[in-house]
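Secondary and tertiary structure notes
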Amino acid sequence: MAPSPKYKLTYFDLWGRGEVTRLIFAVSKIEFEDDRVTREEWPKRKAEMPFGQLPVLFIDDKSPLSQSGAMERYLATLHGINGDNPLEAAYCEMICSTLGDVFSGLPFMEKDPKVKAEKAKKQWEDKILPALKHIDTYIGEKKKEYIIGKFSYADLYVMQMLLFSQKDYSEYLKDIPNLAAIRDRTAQRDGVKEYLATRKDCAH
């Protein structure tokens, strides 16, 4: 049997675009080096990265893998949580990409608290909540326990987005009970439960 690959995930000390990859490692019980870069270190280390951005996944001595979606799909496929066929894999990517698009519109870097709250409210009401409600309605109508029926990395993505949302936007979550149930179900999965119990809290 070939030895397991040696993984190193390099990302900022945030949840952000690196956390779903960490969760895939956790649920798959795969060891990896969690290389967290501080803001002070980043200017010196930026040139090490293939496109001058993070996250980056290093796999043995192979060319590093950039873009969070690419590394999530790769690891999920490798460890059996990216659906059973190309169509199910496409549905997983559809959900993750949609949520990534709408949540990325939140004003993470806005300094003015009042302006930040106003922009966040607009993003939630115009983009995020409609997308979540659409997915929630579908899950409810199809009576699915997970996004594609069986557990996949899309459920990890949904869980992470809702756990992040509980911090500052919990008032919106009452409108998506089916997705909240997936969040709770996923959070209790072997590997995920243990990871969440000890992970560092981050602003986003």
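As shown above, the structure is provided for reference.
Cut-offs used in this document
Residues numbered from 1 in each chain as written. Predicted model: local features only at pLDDT ≥ 70, side-chain atom pairs only at ≥ 80, totals over all residues. Heavy atoms only, no water. Phe/Tyr/Trp six-rings, centres within 6.5 Å; stacked < 30°, edge-to-face > 60°. Helix = DSSP H or I, 4+ residues; strand = E, 2+ residues; numbered from the N terminus. Buried < 20%, exposed > 50% of the residue type's maximum accessible area, 1.4 Å probe, protein only. Salt bridge = Lys/Arg side-chain N within 4 Å of Asp/Glu carboxyl O. Axes fitted to C-alpha atoms, helices over the stretch in contact; angles between N-to-C directions. Parallel < 35°, antiparallel > 145°, perpendicular 65-115°, else oblique. Left-handed = near helix turned anticlockwise from the far one by under 90°. Contact = heavy atoms within 4.5 Å. Pairing = 2+ DSSP bridges. Core = buried A, V, L, I, M, F, W, Y, C linked by side-chain atoms within 4.5 Å. Patch = residues over 30% accessible without salt bridge, like charges linked within 9 Å, V, L, I, M, F, W, Y side chains within 5 Å. Areas by Shrake-Rupley, 256 points an atom, 1.4 Å probe, with all protein chains shown as cover.

Tallying each qualifying case throughout the model produces 11 aromatic pairs. Both rings, one in Tyr 7 and one in Phe 25, keep their centres 5.1 Å apart while their planes meet at 55 degrees; by these two values the pair is tilted. You can see Tyr 7 sitting in strand β1 (residues 7-12) and its partner Phe 25 sitting in helix α1 (residues 19-28), a full 18 residues away along the chain. Neither Tyr 7 nor Phe 25 differs from the other in exposure class; each is buried.

Pairing between side chains of opposite charge can happen when the charged atoms of each approach one another. Per the counting criterion, the structure on display carries 16 salt bridges. Taking the shortest distance from any N to any O, the salt bridge between Asp 13 and Lys 200 comes out at 2.4 Å. Of this pair, Asp 13 sits in the loop between β1 and α1 while Lys 200 sits in the segment after α8 (192-198), and the two are 187 residues apart along the sequence. We classify Asp 13 as partly exposed; its relative accessible area is 28%. Exposure remark for Lys 200: the relative accessible area of 46% places this residue in the partly exposed category. A salt bridge links Asp 190 to Lys 29; its shortest N-O distance comes to 2.4 Å. One end of the pair, Asp 190, is in the loop between α7 (177-187) and α8; the other, Lys 29, is in the loop between α1 and β2 (33-37), with 161 residues separating them in the sequence. According to the relative accessible area criterion, Lys 29 is exposed, its value standing at 54%. Residues joined in a network through salt bridges with shared partners are Asp 13, Glu 19, Arg 22, Asp 34, Arg 36, Arg 199 and Lys 200.

Attention now moves to the packing of α1 against helix α6 (residues 153-168). Interaxial distance between α1 and α6 falls to 10 Å at its minimum, and their mutual angle equals 125 degrees. For the element pair α1 / α6, the angle class is oblique. Of the two possible hands of crossing, α1 and α6 adopt the one that is right-handed. Of the residues in α6, those in contact with Glu 19, Val 20, Leu 23, Ile 24 and Val 27 of α1 are Tyr 153, Leu 156, Tyr 157, Met 159 and Gln 160.

What follows deals with the pairing of β1. With 5 of 6 residues buried, β1 is to be regarded as a mostly interior element. Here β1 runs beside β2; their pairing, made up of 5 bridges, is parallel. Looking at the pairing, Phe 12 lines up with Val 37 of β2.

Most often, soluble globular proteins have nonpolar side chains that are buried together. The biggest cluster of nonpolar side chains holds 55 residues, and the ones touching the most others in it are Leu 99, Phe 103, Trp 124, Leu 132, Ile 147 and Leu 179. Sort the elements by how many residues they give to this core and α6 lands first, with 10 residues. If near-sequence neighbours (up to four positions away) are discounted, Leu 99 is found in contact with Leu 132, Ile 135, Tyr 157, Val 158 and Met 161. Core analysis: the next-biggest nonpolar cluster, separate from the first, contains 8 residues, Tyr 11, Val 37, Trp 42 and Met 49 among them.

Let us look at a nonpolar patch on the surface. There is a patch of nonpolar side chains on the surface, built from Leu 87, Tyr 91 and Met 94 and spanning about 310 Å² of accessible area. By the element assignment, Leu 87 lies in helix α4 (residues 86-103).

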